[in-house]
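Overview (structure and organization)
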Amino acid sequence: MTTEITSALAKQIAEKILKQPKRVISPDEPIISSGLIDSFSLMDLALFIEDTYGVRIEDTELNANTFDTLDQLANFIQARK
Amino acid sequence: MNKVRPFYVLMKALFLYALANLAFAYFNPPVGKLSLYNWLISGRERAPYEREAEYYNIAHTIPVYENMDAMYQSTTLSQPKPADEFRIFLIGDSSAWGFQLRPEETLVGQLNALHLKTCAGKRIVAYNAAFPLPYVMKDLLIMDKVREYDPDLFLWTITLDGFRNRTIFTNYFLDPYSSRVRQLVDAYQIKNLDTSQMTQATFWDKTIIGQRDALKKIFLLQLHGLGWSATNLDYDYRSYPPLAQDQSADDAFFETPQGQLGLADEMLFDVLEAGYQLADQTPVLVINEPIFIAAGVNSEIRYNEFYPRWAYDEYLQYLQTWMSAHQREYLDAWNLVPSSEFTDTPFHRTPKGEKILAEYIIPQIQKLACSK
Amino acid sequence: MTILQLGIFALAAIAINRLKRNRELALLAISIFFLFWLQPAQQFVSLVFWIPFATLALIVLLWLLIAAPEARAWKINWQTILVMSAVVLLIDLNQFFGLDQIYMCTTPRLWMLGAALALVFTADIFFWRIQQPKLWLGVFFIGILLIFIYLKTPYLVTESFMLIYALRGTDAPTKIIFTWLGFSYIAFRLLHTIRDFQTGRLPALTLGEYVNYVIFFPTLVAGPIDRAERFVPELRNPVALAEQDWAEAGRRFFIGLFKKFVIADSLALISVNEILIKQVHSSAWLWLFLYMYSLRLYFDFSGYTDVAIGLARILGIRLPENFSAPYLKPNLTQFWNAWHITLTQWFRAYFFNPFTRSLRTKNFSIPIIIFITQLSTMALIGLWHGVAWNFLAWGAWHGLGLFIQNRWSEWMRGKMQTPPSPRRKLIFDSLGIFLTFNFVSLGWLFFTLPTPQSALTAIVKLFGFGL
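Criteria and cut-off values
- Residue positions are given per chain, counting from 1 as you read along its sequence in written order.
- Lettering of chains starts at A and numbering of ligands starts at 1, both following the order in which they are written.
- Given that the model is predicted, a residue must reach a pLDDT of at least 70 before its local features are reported, and side-chain atom pairs must reach 80 or more before they are shown or counted; all residues, however, enter totals for whole chains, interfaces and linings.
- Helix and strand assignments follow DSSP, with helices taken as H or I runs no shorter than four residues and strands as E runs no shorter than two, numbered in order from the N terminus.
- Each radius of gyration reported is based on C-alpha atoms, and the globular scaling rule is 2.2 Å times the count of residues to the power 0.38.
- Burial is judged by counting other C-beta atoms within 10 Å of a residue's own C-beta: 20 or more means buried, 12 or fewer means exposed, and anything between counts as partly exposed, with every C-beta placed from the backbone.
- Here the contact rule is simple: place C-beta atoms from the backbone, and any two residues whose C-beta atoms are within 7 Å are in contact.
- Residue classes follow a fixed rule: Ala, Val, Leu, Ile, Met, Phe, Trp, Tyr, Cys and Pro count as nonpolar, while Asp, Glu, Lys and Arg count as charged, and any other residue, Gly among them, counts as polar.
- The pairing criterion for strands is at least two bridges between them, as found by DSSP.
- In this description, a line fitted to the C-alpha atoms serves as the axis of each element, helices being fitted only across the stretch in contact, and the angle between N-to-C directions of two axes falls anywhere from 0 to 180 degrees.
- Residue ranges assigned to each domain were obtained from an automatic or database domain assignment.
- Throughout this description, any angle smaller than 35 degrees is read as roughly parallel, any larger than 145 degrees as roughly antiparallel, any in the 65 to 115 degree range as roughly perpendicular, and the remainder as oblique.
- Residue-level confidence of the predictor, termed pLDDT, takes values from 0 up to 100.
- Helix crossings are classified by the rotation of the near helix relative to the far one: an anticlockwise turn of less than a right angle makes the crossing left-handed, while a clockwise turn makes it right-handed.
- By definition here, a helix of n residues has an expected span of 1.5 Å times n minus one.
- Defined on buried residues, the nonpolar core groups Ala, Val, Leu, Ile, Met, Phe, Trp, Tyr and Cys residues joined through C-beta atoms within 7 Å.

**Describing the overall build of chain A**
Within chain A one finds three helices and zero strands. Ordered by position from the N terminus, the helices and strands of chain A form the series α-α-α. Taken against the 2.2 N^0.38 rule, which gives 12 Å for 81 residues, the C-alpha radius of gyration of chain A at 11 Å falls within 12% of a compact globule. A principal-axis box enclosing the C-alpha atoms of chain A has dimensions of 30 × 25 × 20 Å. Here chain A, with 81 residues, has 38% of them falling under the buried criterion. Partitioning the intrachain contacts of chain A with sequence separation of at least 6 by distance along the chain shows that 62% fall at a separation of at least 24.

**Brief notes about the overall build of chain C**
The helix and strand inventory of chain C stands at 20 helices and zero strands. Relative to its length of 467 residues, chain C is compact, with a C-alpha radius of gyration of 24 Å against a globular reference of 23 Å. A buried classification covers 38% of the 467 residues belonging to chain C.

**Considering the interface of chain A and chain C**
Interfaces are often described in size by the accessible area the parts lose on coming together. With 17 residues of chain A at the interface, the matching set in chain C holds 23 residues. By residue class, the composition of the side of chain A that touches chain C is five nonpolar, six polar and six charged.

**As for the sheet that holds strand S1 (residues 85-91) of chain B**
Residue and element names in this part refer to chain B. The parallel open sheet is built from five strands, whose spatial order is S2-S1-S3-S4-S5. Each edge of the sheet is formed by a strand with only one pairing partner; in this case those strands are strand S2 (123-128) and strand S5 (330-332). Here the average twist between neighbouring strands, direction ignored, is 20°. Summarising the sheet, S1 and S2 pair through six bridges and their orientation is parallel. When the sheet's bridge partners are listed, Leu90 is paired in S2 with Asn128.

**Notes on the domain arrangement of chain C**
All names here are of chain C. When the domains of chain C are assigned, the result is domain 1 (3-236), domain 2 (243-314) and domain 3 (326-462). The C-alpha centroid of domain 2 is placed 29 Å from the C-alpha centroid of domain 1. Each partner contributes residues to the interface: domain 1 has 11 residues there, and domain 2 has 11 residues. Per-class residue counts for the side of domain 1 that touches domain 2 are nine nonpolar, two polar and no charged.

**Quick notes on the interface of chain C and chain B**
Contacts between the two partners involve 15 residues from chain C, matched on the other side by 16 residues from chain B. At the level of elements, helix H12 (243-267), helix H13 (274-279) and helix H14 (283-314) of chain C are the ones that each hand at least two residues to the side of chain C that touches chain B. Sort the elements by how many residues they give to the side of chain C that touches chain B and H12 of chain C lands first, with six residues. Residues that form the side of chain C that touches chain B fall into these classes: nine nonpolar, five polar and one charged.

**Some thoughts on the packing of helix H9 (residues 183-198) of chain C against helix H10 (residues 207-215) of chain C**
If you want to describe how two helices pack, look at the angle between their axes and the distance between the axes. Residue and element names in this part refer to chain C. Between H9 and H10, the least distance of the axes is 9 Å, while the angle of their chain directions is 140°. Here H9 is positioned oblique relative to H10, judged by the angle of their axes. Residues Ile186, Arg189 and Leu190 of H9 form the contact with H10, whose participating residues are Tyr213, Val214 and Ile215. Along the lines of polarity and charge, the residues of the contact of H9 with H10 split into five nonpolar, no polar and one charged.

**Side note on unusual backbone geometry**
A cis amide bond links Gly223 of chain C to the next residue, Pro224 of chain C, at an omega of 0°. Within the secondary structure, Pro224 of chain C is located in the loop between H10 and helix H11 (228-236). For Asp280 of chain B, which is not a glycine, the phi torsion comes out positive at approximately 55°. By secondary structure assignment, the location of Asp280 of chain B is in the loop between helix H10 (269-279) and strand S4 (284-288). Judged by the 9 C-beta atoms lying within 10 Å of it, Asp280 of chain B is exposed. Although it is not a glycine, Gln327 of chain B sits at a positive phi angle of roughly 55°. In this structure, Gln327 of chain B sits in the loop between helix H11 (309-325) and S5. The class for Gln327 of chain B is exposed, based on 7 C-beta atoms found within 10 Å.

**Overview of the environment of Gly262 of chain B**
Residues and elements named next belong to chain B. Checked against the element boundaries, Gly262 lands in the loop between helix H9 (212-231) and H10. Residue classification places Gly262 among the exposed positions, given that 12 C-beta atoms sit within 10 Å. Taking the C-alpha atoms as reference, Gly262 lies 30 Å from Phe89; in sequence the two are 173 residues apart.

**Considerations on the confidence of the model for chain C**
All names here are of chain C. When pLDDT is averaged along chain C, the result is 91; 100% of the residues meet or exceed 70. No element of chain C has a lower mean pLDDT than H13, which averages 87, and none a higher one than H14, which averages 96. Reported confidence for the predicted complex is 0.90 by ipTM and 0.89 by pTM.

**Considerations on the packing of helix H1 (residues 2-17) of chain A against helix H2 (residues 39-53) of chain A**
All names here are of chain A. Relative orientation of the contacting elements H1 and H2 amounts to 130°, with a least axis distance of 11 Å. One element, H1, and the other, H2, form an angle in the oblique class. The two elements H1 and H2 cross, and the hand of that crossing is right-handed. Across from Gln12, Ile13 and Ile17 in H1, the residues of H2 making contact are Ser41, Asp44, Leu45 and Phe48. Looking at the contact of H1 with H2 residue by residue, the classes come out as four nonpolar, two polar and one charged.

**Some points on H9 of chain C**
Residue and element names in this part refer to chain C. For H9, with 16 residues, the first-to-last C-alpha span of 22 Å sits near the 22 Å given by 1.5 Å per residue. All buried positions along H9 are accounted for by Tyr185, Ile186, Ala187, Phe188, Arg189, Leu190, His192, Thr193, Ile194 and Asp196. Here the buried face of H9 lies against helix H3 (47-66), helix H7 (134-152), H10, H11 and helix H16 (341-360). Positioned one or two residues after H9, Gly200 has a phi angle of 75°, which is positive.

**Notes on the pairing of S1 of chain B**
Working note: regular strand, side chains alternate between the two faces of the sheet. Residues and elements named next belong to chain B. Across the seven residues of S1, six count as buried, placing the element largely inside the fold. As paired strands, S1 and strand S3 (residues 153-158) are joined by four bridges and run parallel to one another. If you follow Ile91 over to S3, its bridge partner there is Trp156.

**Let's talk about the nonpolar core**
Within the largest apolar cluster, 132 residues are counted, with the highest numbers of intra-cluster contacts made by Ile59, Trp63, Ile215, Phe289 and Leu311 of chain C. Residue contributions to this core peak at 15 residues, all from H14 of chain C. Grouped together as the second largest cluster of nonpolar side chains are 83 residues, Phe131, Tyr135, Met267 and Ile291 of chain B included.

**Description of the confidence of the model for chain A**
Averaged over chain A, the pLDDT score is 86; the fraction of residues at 70 or greater is 99%. Considering each helix and strand of chain A separately, the mean pLDDT is smallest for H1 of chain A, with a value of 86, and largest for H2 of chain A, with 89.

**Describing the environment of Leu62 of chain A**
Relative to the assigned elements, Leu62 of chain A resides in the loop between H2 and helix H3 (70-80). Overall, the presence of 23 C-beta atoms within 10 Å leaves Leu62 of chain A in the buried class. Note: C-alpha distance between Leu62 of chain A and Glu29 of chain A (33 residues apart in sequence) is 17 Å. If we skip the residues at most four places from it in the chain, Leu62 of chain A touches Leu42, Met43, Ala46 and Ile57 of chain A together with Asn353 of chain C.

Structure below.
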């Protein structure tokens, strides 16, 4: 289940946020602290997650302390489901 | 990784620090000789002195003498002497240092602007070794210090005020050098100077902890060097009211009433002779510096706010007699500069005043330079 | 703060660490004492006492509104109330003790303190009975914000004090001093708890925990701004200190002292300032002094943070980091992920994210949303430092910078479909670090000089004109 979520998120980030469809984002790669996605894209990602998985990520949770890799994000989503 | 034992780290640090302190006190390293000036940053053209940090100096209320090494290492006179240079060091007070003047406007600056040469073709280059404190004993101490920078001639500007025996100057400004001051007093039999209140540095004063204030100042002096290099400013050019031609009717010289000047019994003329002897082979050109001569009300009583006529006339006479008795040559420039060419005190001259003085002393400099 | 004060902080932290019981109460007592002790001198001497008193009263009243029912019982809070009152009373009693080396002796008369305490307790009872705190929370939120704006606006402070002097018929001093110790940080902790209470995310906090969170003494003067839900669990169960942790805490503390008192204070002498900009005769020197200012600011602030983190570690609390090598970041976005992190995250959580969310759900174009949100967030971060044109200009500088960088990387991503080779990445990153550092450094001119005009003058000089 986790891998499904991470690959879906990786696809979303690569295609919609980075606009580099070929870009491979590994599940343990830092995406926030590395600056890969900025604060605006992070909100976009949060809205995507809300729409797709029905999980709300609070405004105060959108930071590298809550999750920084796709693995962590997937776990976060599963825990909230 | 090895396990860190905080307690042992702390003990080790304290032990090493104690050891460093003892070693520092024992070896007494010449920390003041370490300087960024004349190396990473340009040397100062005169000793650091100013009230405000904005003018890239350290406060003058701090005895800079705490480390004269650091003080002169920061100026251009500490640079090695080229073979074709004839070095003049100017010793004196705030008028020699150049209050209200940019370095190029001072006596030293004016002399250098003329690109003088000796008979042997050496370039005559003057350096400012003055420090703004009217006290001949301080001058002697500085002469003693800057000898190591290889001068060929000392210019020494003096005035009556500097001969007054001021214990507060001795105790405050000269105290860091108490042992050397005592040596000089003994060696040249300087009478009238009370060194009994001066302290003696203990071993503990010489440790890093004891020297922390002096070390901090040396460090700050280096940092202020960047500001100096970036701005060429070392003085706060404040505006000042012009000197009054009118004088008070009081005829006292400071607290001293007429007839009690005590030139021989209380003042420090022995220091003058000490200076000549200390310089040894290096000639010393003493100049009795120009003073403001008022022309207004009560100008028949006083030359200016410092000097009543009776006191200064007595001094002029005494100086002349003293010089001939000691078979020393000197230049008396006391009335050389017109009263319009003084700035904020009866001693501080305008650039034009400095030029007049420079031109007056050049023949004597040439003569001494050629005879050497 | 002085080294002596920080040394006393360290001793206090060690003493609390050694306690077997009642650590929370001891921490509370010491934090309150430091709150009074560090409050700087004021024109009206009594304010030195009343400002910290007001801080405490504000915290207690707010707690009554946001405390969960299970945390409100008298049984679990009476000790806190006793300790708080006792410390305040002891400080006030200094008028009889006369320990003027420790605290001023001109503390308010006992009856005045009694009246003030009675007032606070009456208000407490009133707030205690409020069933629907919604309205009052709004009042507190706006009230705290207004006090904050007042304190940060020199014009308002000066004018209000002038009015007081005029009413009293006494001559006003030329310079009005009014500082509320730590309020910049205290206010943002209070606002965060109000917002989180409103969204139902605030954990149950006892009075002792809440006060300890807001005025935790290592973070009193210069942050970081922690989050209550992160802070309180560690307050309840302090992280035990193995020997290694002592070493780590000590290392952090001493490195912080060194950064602040040796590096930053030395750099202060060779940092750009208004006078130097007038005096300097070459732009090369001016660049150097500008870079020195950038470094000084970093070492000063991150030094304080290191000290706070080290002290908190001794108390068993791991504070969040505030800096993460900000000047080595290859772009502005990453710089702002690494500079004053806790403040930026605060603004992100309570302003940027909700604002972006609300605009995103309406039909604005993406660049416009980014422009508006970045600019307004950075302007607010600027104004947090003080309500003045120069801070606003500094915020706008960074807001625009972030927007431009966002558009640039968007454009670049379209160009480069594959990640660059390691070598090209190294070149890009080095160039990025250089550009970012210079952009940030130029921005500091707006931050440190009193007016945007003087900053522009300096920038003109930096590029070789008007020297």
